[in-house]
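Single-letter residue listing:
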Amino acid sequence: MIKRVMVVGAGQMGSGIAQVAAQAGLQVWLRDLEPRFVERGLGVIEKNLARDVAKGRRTEEEKAAILGRITGTTELGPAAECDLVIEAIVESLEAKLALFRELDSICPEVTLFASNTSSLPITQLAAVTRRPDRFIGMHFMNPVPVMKLVEVIRGIATSDETYAAIRNLAEAMGKTPVEVNDFPGFVSNRVLMPMLNEAMFCVYEGIAGVEEVDTVMKLGMNHPMGPLTLADFIGLDTCLAILNVLYEGFKDPKYRPCPLLVQMVQAGYLGRKSGRGFYIYDENGATPMKFKR
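Residues numbered from 1 in each chain as written. Predicted model: local features only at pLDDT ≥ 70, side-chain atom pairs only at ≥ 80, totals over all residues. Heavy atoms only, no water.

1. Focus: the pairing of strand S2 (residues 27-31)
- Judged by how many residues are buried, S2 sits mostly within the fold: 4 of 5 residues are covered.
- Sheet topology note: the strand S1 (residues 4-8)/S2 ladder contains 5 bridges and is parallel. Considered in S2, the bridge of Val7 is made with Leu30.
- As a crossover connection, the stretch from S1 through helix H1 (residues 12-23) into S2 is right-handed.
- Where S2 meets strand S3 (residues 70-73), 4 bridges bridge the pair, whose relative direction is parallel. When the bridges of S3 are listed, Trp29 appears paired with Thr71. (Buried < 20%, exposed > 50% of the residue type's maximum accessible area, 1.4 Å probe, protein only. Helix = DSSP H or I, 4+ residues; strand = E, 2+ residues; numbered from the N terminus. Pairing = 2+ DSSP bridges. Right-handed = clockwise from strand over helix to strand, strands pointing away.)

As structure tokens, then:
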């Protein structure tokens, strides 16, 4: 049974995963490279829980108990005492491979490894460890405390026992696990990213403006959020990285990233996190960008 978990990466996804794990009663270590990153992640969790208390969804005592089950750290050493390590670092194959090599040297062979990657191959990540049968993908959706889905991705060597343990854990976290096999983009991003990319092409080709494209999809297709707003929320650098994985993985031109997306990432326009993407985010709210045609 999984009782102790380390989440590596205290960013938006990692802090959310740590929160839902602690809410499920697990002892959690939240690790990042620098104390300021750890503190920021812990601060996000505290803010989320305080909002729950204010809305009457949990008590102050429950909040304190959840926070008491989370320990921030800049060390990987505590992973040796954990039943599961969930990786939630930057979406870089090289960085993830290096991390799992290091974790493999620290953790006993019974420790399970999971990656929150949104598109990178689980089989390739698992291959740098001595435990490919105990390696799996656990792709949470953003924001983690709110979204119910977890894609559980089986690599070529993932055992039935590992899958069952992670499926049960996801359910204990209040999530709905969906079993997915290891192909580029899995299901979520293989379906989502081409739609976002096509919305970007509509702007790039001058078919319609940013706000107009979003309005068509919201009012015409009943989407709660327009595709360009969603791309900004995900992060345009993340969208580009996933599209590149799809393009390189399938060698199919339908996944070719929109040149406008490439240019925006080169300019540092990454969406909400940088204050500028397809919208400009400031004290006035979100103002759609105007692109020359």
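2. Brief notes about the UniProt feature "domain: 3-hydroxyacyl-CoA dehydrogenase NAD binding" (unreviewed entry) in the chain
- UniProt's feature table lists "domain: 3-hydroxyacyl-CoA dehydrogenase NAD binding" (unreviewed entry) at residues 5-182, given in the numbering used throughout.
- In residues 5-182, helix accounts for 41% and strand for 22%; the two terminal C-alpha atoms are 24 Å from one another. (UniProt positions renumbered as here; feature names shortened; annotations may be inferred.)

3. With respect to the sheet that holds strand S7 (residues 149-154)
- Strand order in this open sheet of 8 strands is S3-S2-S1-S4-S5-S6-S7-S8, and the pairing throughout is mixed. On the outer flanks of this sheet lie S3 and strand S8 (176-181), each paired with one strand and no other. Ignoring which end each strand starts from, the neighbouring axes of this sheet average 25° apart.
- Pairing between strand S4 (residues 84-87) and strand S5 (residues 112-115): 4 bridges, direction parallel. Each bridged residue has a counterpart across the sheet, and for Ile86 the counterpart in S5 is Ala114. (Axes fitted to C-alpha atoms, helices over the stretch in contact; angles between N-to-C directions.)

4. Describing the UniProt feature "binding site: NAD(+)" (unreviewed entry) in the chain
- Feature annotation in UniProt assigns "binding site: NAD(+)" (unreviewed entry) to the following positions: Gly9, Ala10, Gly11, Gln12, Met13, Gly14, Asp32, Glu91, Lys96, Ser118, Asn142 and Lys273.
- Considering the arrangement of structural elements, one finds Gly14 in helix H1.
- Residues contacting Gly14, with those up to four places away along its chain left out, are Val7, Gly9, Leu30 and Ala88.
- Structurally, the position occupied by Asp32 is in the loop between S2 and helix H2 (35-54). (Contact = heavy atoms within 4.5 Å.)

5. Some words on the pairing of S8
- The pairing of S7 with S8 spans 6 bridges and is parallel. Residue pairing in the sheet places Ile153 in a bridge with Val180 of S8.
- Handedness of the S7-helix H6 (residues 160-172)-S8 crossover: right-handed.

6. A closer look at the layout of surface pockets
- Of the voids in this model, the second largest pocket is the one considered here, and its volume is about 250 Å³.
- As for the second largest pocket, its lining consists of 17 residues, and the residues nearest its centre are Met1, Ile2, Asp83, Leu112 and Ala165.
- The element that contributes the greatest number of residues to the lining of the second largest pocket is H6, accounting for 4 residues. (1 Å grid on protein atoms, 1.4 Å probe; cavity = no way out; pocket = protein on both sides within 12 Å on 5 of 7 lines; lining within 4 Å. Points joined across faces, edges and corners; volume = space filled by probe spheres on them.)

7. Details of the pattern of salt bridges
- Within this structure, the stated rule accounts for 13 salt bridges.
- The salt bridge involving Glu34 is made with Arg36; its shortest N-O contact spans 2.6 Å.
- You can call Arg36 exposed: its relative accessible area is 53%.
- Residue Asp52 pairs with Arg58 through a salt bridge whose shortest N-O separation is 3.2 Å.
- On the basis of relative accessible area, Asp52 is assigned to the buried category, the value being 11%.
- Here the salt bridges share partners, and the residues they tie into one network are Asp52, Arg57 and Arg58. (Salt bridge = Lys/Arg side-chain N within 4 Å of Asp/Glu carboxyl O.)

8. Topic: the environment of Ile2
- Relative to the elements of secondary structure, Ile2 occurs in the segment before S1.
- Setting aside residues no more than four positions away along its own chain, Ile2 makes contact with Leu26, Asp83, Leu84, Leu112, Ala165, Ile166 and Leu169.

9. Some thoughts on the domain arrangement of the chain
- The domain architecture assigned to the chain consists of domain 1 (4-181) and domain 2 (189-288).
- A C-alpha centroid distance of 27 Å is found between domain 1 and domain 2.
- Of the roughly 510 Å² buried where domain 1 meets domain 2, counting both sides, 60% is carbon and sulfur surface.
- Where domain 1 packs against domain 2, one counts 0 salt bridges.
- Summed over the shared surface of domain 1 and domain 2, the number is 1 residue pair in polar contact (both at pLDDT 80 or more).
- A per-class count over the side of domain 1 that touches domain 2 returns 2 nonpolar, 4 polar and no charged. (Domains from an automatic or database assignment. Buried area = accessible area lost by both parts, 1.4 Å probe. Polar contact = N/O pair within 3.5 Å; in protein donor to acceptor, adjacent residues only side chain to side chain. Nonpolar A, V, L, I, M, F, W, Y, C, P; charged D, E, K, R; others polar.)

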